[in-house]
Amino acid sequence: MPTIELTFVDWLIIAVYFGFVLGIGIYLRRFTKNEEDFFLAGRKNSSWVAGLAFLSANLGALELLGMTGNTFKYGMYVAHFYWIGAVPAMLFLGIYMMPFYYSSRIKSVPGYLKLRFDEKTRVLNGIAFAVMTLLVSGINLYAMALVLHTFLGWNWDISMWASAATVAVYVTLSGLMSAIFTEIIQFFLIWFGLFLVSVFGIVEIGSLEEVFRRVPEAYSTLWSTSGDPSQNGMLITWGGIALGLGFVLSFGYWTTDFLVVQRAFSAKDLRSARMTPILASFFKMAVPFLVIVTGLVALILSKDPKSGFALLQDGGQINYDSALPLLIARYYPSGLIGLGVTALLAGFMAGQAGNISAFNTVWTYDIYRAVIRKNASDAHLLTMGRIATVVGILLSLVTAYWAKSFPSIMDYMQAIFSWVNAPLFATMLLGMFVRWITPAGAFWGLLAGMVSSVTMFLAVKFGWINPAVMTMSPVASEMAVNFWRAWWAWAICFGSTVLISLSTTPKPDGELVGLVIGLTPETSGVPVPFHKKPEFYAILSLIVFVVLNIYFW
Amino acid sequence: MAKRETHHTLSPPPAEGAVSEKKMKPIWYMVGLVLLSMGTIIFLAGIYYLVNPPPVRTTTAHLQPDIWWGALMMAVGGFFVFTNRKATVG
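Residues numbered from 1 in each chain as written. Chains lettered and ligands numbered in written order. Predicted model: local features only at pLDDT ≥ 70, side-chain atom pairs only at ≥ 80, totals over all residues.

## Looking at the overall build of chain B
Filter applied, for reference: Only DSSP runs of H or I covering at least 4 residues are called helices, and only runs of E covering at least 2 are called strands; the numbering of each starts at the N terminus. Exposure is read from a count of other C-beta atoms within 10 Å of each residue's own; the residue is exposed at 12 or fewer, buried at 20 or more and partly exposed in between. C-beta atoms are placed from the backbone. Two residues qualify as being in contact provided that their C-beta atoms, derived from the backbone, are within 7 Å of each other.
Assigned secondary structure in chain B consists of two helices and zero strands. When each of the 90 residues of chain B is scored for burial, the buried share is 32%. In chain B, the share of contacts with a sequence separation of at least 24, taken over all contacts with a separation of at least 6, comes to 85%.

## Quick look at the overall build of chain A
Our working definition: Atoms counted for the radius of gyration: C-alpha only. Globule rule: 2.2 Å times residue count to the power 0.38.
A tally of helices and strands in chain A yields 22 helices and two strands. Whereas a compact globule of 553 residues would reach a radius of gyration of roughly 24 Å, chain A reaches 23 Å, a difference of no more than 12%. Taken over the C-alpha atoms alone, chain A extends approximately 70 × 55 × 55 Å along its principal axes. Looking at chain A residue by residue over its 553 residues, the buried ones come to 61%. Put simply, 84% of the contacts in chain A that link residues at least 6 apart link residues at least 24 apart.

## Section: helix α2 (residues 65-83) of chain B
Residues that lie three or four places apart on an α-helix share one face, since the helix turns once every 3.6 residues. We apply this condition: The span you would expect from a helix comes to 1.5 Å times its residue count less one. By construction, the arc corresponds to the directions joining the helix axis to the C-beta atoms.
Its 19 residues give α2 of chain B an end-to-end C-alpha distance of 27 Å, which sits within 8% of 27 Å, the value for a rise of 1.5 Å per residue. For α2 of chain B, the full list of buried residues reads Pro-65, Asp-66, Trp-69, Gly-70, Met-73, Met-74, Gly-77 and Phe-80 of chain B. End-on, the buried residues of α2 of chain B take up no more than an arc of 150 degrees, which puts them together on one face. Each element contacted by the buried residues of α2 of chain B is listed here: α8 (156-205) and α16 (336-372) of chain A together with α1 (27-51) of chain B.

## Brief notes about the packing of helix α3 (residues 47-56) of chain A against α8 of chain A
Residue and element names in this part refer to chain A. Let me state the cut-off plainly: Axis lines are fitted through C-alpha atoms, for helices just across the contact stretch, and the angle between N-to-C directions can take any value from 0 to 180 degrees. Convention used here: angles under 35 degrees read as roughly parallel, angles over 145 as roughly antiparallel, angles from 65 to 115 as roughly perpendicular, and any remaining angle as oblique. Under the scheme applied here, ten amino acids are nonpolar (Ala, Val, Leu, Ile, Met, Phe, Trp, Tyr, Cys and Pro), four are charged (Asp, Glu, Lys and Arg), and all others, including Gly, are polar.
At a minimum axis distance of 8 Å, the contact between α3 and α8 shows a crossing angle of 75 degrees. Compared by their axis directions, α3 and α8 come out roughly perpendicular. Within the contact between the two elements, α3 uses Val-49, Leu-52, Ala-53, Leu-55 and Ser-56 and α8 uses Ile-180, Glu-183, Ile-184, Gln-186 and Phe-187. Along the lines of polarity and charge, the residues of the contact of α3 with α8 split into seven nonpolar, two polar and one charged.

## Topic: the packing of helix α19 (residues 439-461) of chain A against helix α21 (residues 478-502) of chain A
All names here are of chain A. As a reminder, the rule being used: In a left-handed crossing the near helix is turned counterclockwise from the far helix by less than a right angle, and in a right-handed crossing that turn is clockwise.
For the pair α19 and α21, the least separation of the axes is 8 Å and the interaxial angle reads 150 degrees. Between α19 and α21, the crossing angle belongs to the class labelled roughly antiparallel. α21 is crossed by α19, and the crossing has right-handed handedness. When grouped by side-chain class, the residues that make up the contact of α19 with α21 number 15 nonpolar, eight polar and one charged.

## Quick word on the environment of Ala-426 of chain A
Structurally, the position occupied by Ala-426 of chain A is in helix α18 (residues 413-433). If we ignore the near neighbours within four places in the chain, the residues touching Ala-426 of chain A are Gly-449, Trp-490, Cys-493, Phe-494 and Thr-497 of chain A.

## Some details on unusual backbone geometry
One non-glycine residue, Arg-105 of chain A, lies in positive phi territory at about 60 degrees. For Arg-105 of chain A, a count of 13 C-beta atoms within 10 Å puts it in the partly exposed group. The backbone of Gln-64 of chain B shows a phi angle near 50 degrees, a positive value even though the residue is not glycine. Owing to 15 C-beta atoms within 10 Å, Gln-64 of chain B belongs among the partly exposed residues under this scheme.

## Overview of the environment of Val-287 of chain A
All names here are of chain A. By the secondary structure assignment, Val-287 is in the loop between α13 (270-286) and α14 (288-302). With 110 residues separating them along the chain, Val-287 and Met-177 place their C-alpha atoms 25 Å apart. Once residues within four sequence positions are removed from consideration, Val-287 is found in contact with Leu-59 and Tyr-82.

## Some words on the nonpolar core
The following threshold applies: Structurally, a nonpolar core is described as a collection of buried Ala, Val, Leu, Ile, Met, Phe, Trp, Tyr and Cys residues joined by way of C-beta atoms within 7 Å.
In this structure, Ile-184, Ile-185 and Phe-483 of chain A together with Val-31 of chain B are the most contacted members of the largest nonpolar core, which totals 225 residues. In terms of residue count, α8 of chain A provides more of this core than any other element does, 24 residues in total. In this structure, Val-31 of chain B is in contact with Ile-184, Ile-185 and Phe-188 of chain A together with Phe-80 of chain B, ignoring residues within four places of it in sequence.

## Quick notes on helix α12 (residues 258-265) of chain A
Buried residues dominate α12 of chain A, accounting for eight of its eight residues. Here α12 of chain A has its buried residues at Phe-258, Leu-259, Val-260, Val-261, Gln-262, Arg-263, Ala-264 and Phe-265 of chain A.

## Points about the confidence of the model for chain B
Where the model shows low pLDDT, its predicted coordinates should not be examined in detail. Residues and elements named next belong to chain B. Under the convention used in this document: Known as pLDDT, the predictor's per-residue confidence is scaled from 0 to 100.
The pLDDT averaged across chain B works out to 79; a share of 74% of its residues lies at or above 70. Ignoring residues within four places in sequence, the model shows residues 1-20, a span with pLDDT below 50, making 36 contacts including any to other chains. Here the prediction assigns the complex a pTM of 0.86, and the interface score ipTM is 0.86.

## What about the environment of Leu-548 of chain A?
Residue and element names in this part refer to chain A. Note that Leu-548 resides in helix α22 (residues 534-551). A tally of 18 C-beta atoms within 10 Å means that Leu-548 is categorised as partly exposed. When the C-alpha atoms of Leu-548 and Trp-83 are compared, they prove to be 8.4 Å apart, with 465 residues separating the residues in sequence. Discounting residues that sit within four places of it in the chain, Leu-548 has contacts with Trp-83 and Met-285.

Shown next as structure tokens:
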């Protein structure tokens, strides 16, 4: 039974959103004249545009619903995903890695692997990324239909096909440009659409201090209970958080996942590209106000019989994802409900567009041109990008129907990132900072990391090994196992790459100029004062990050 | 490494007069239009429900959030539209 009733006003708000995103796609079509416009939005975005798109590409509705539900389940520890699990990696990308990415004028992350190592490493990563992106895109589509069906009573097929068709139209028309435009609109809709849920939650409970006072310590602190995993909601130690999430998963995602890094590539110059993740880090640190506060409010209300608030149950299991929609229904009148639903819809569709625009770029440059048609013209690549968009959407629909018939695939989504991104981060780190790492070392190390990550996942899933072997702790949540698997996959890739490189031939230094630290000349330009440099904003971001961690220790 | 660059513009400026018919409105203008449109609808709906209260009231209905939140969205949207009404990019 649907929990949210929509009125004419709510439908009107939703119709306005669909009208705008389709209209923007049609409007931007006239400015999409070549492949660089289509795949890199013409490389003319300011750091603000690229930065908000960088953040929004990750700020999907699945994330908002899931993280609010996770807060209900795990408490304040979920904030680690937004702070230690994001900020250091974003700053590292902006300060140290972006100069290599941007200055080499590559069009994708696998493109860097081709320049630094060789074609086979690029194709290996390109194929892994394309498969991962389509899986995630399809699972997102399925999740959207599930949410719309559960909370609004909408038809499954119509929800999936209407959203997929809308995304297909505007991404096919103008590629990354329209994806970025809709991501920025999504950013504003999410803040305007969901901010009041937290505010009204605080108003109903009494104050923010009262919110934290009414949840147990295991749910209201960040680090103070991390010495003993049995004392915190996530059943994890500080080591698992710092190594698995804070280092491997975070750096693996934020510095190598082309879905987010592509937004920085669209910046108009190197300074803007470096500022992209740094600006995004400030907004990332603010997102817990939406998801953590909402999750804690839902937790408090559900424990108070007088509130009449309870999460939905599916077959006796608590549906944690229902926390946010139920609070929207509790607090919002007509009109605002339409805005809240539109914010979630925008999150789903922008996430879908982000995945598809990253897929069409990697397919076109790193698989099609690298393997199938090496001498393709720019016009041909532009056409191929549009075809890849439509085919990618259709494959996402296939994945979505697969997910519908096999719902537990949803559980694998977090694991998918640790299969591809965690080992890739080791390859990138060594590639950028160690000049004697060889193409053979990179290829076989990356392959070993990916295979070991999948093997560890299957070994735990089917009970071949005890998860305690990986987590080094007698108790561990599924999330803790994810963190530790990512760490081991990274370590295996790192170790294999180093060992193989010691016995194989590196590329000559002359071929690594601009790609490896120590061989990259300093670029000159118009001098800017220190307070306008990326380093200044990175220091500010780091200060805010440290203060937040200490305050909520 | 940290002192790698200062301010480096890779894209050359467009030739003056050559792109007059291909100027694109900035994203902030579009954001303004979206917020203005939705804010107006929410604000007007809030006024309507103030005069004709719905049968089912939410826990915060007495705060009239649709009226002031709709008005805030209109103000922010209007600001974006006004400040970017003549702006173009590319």
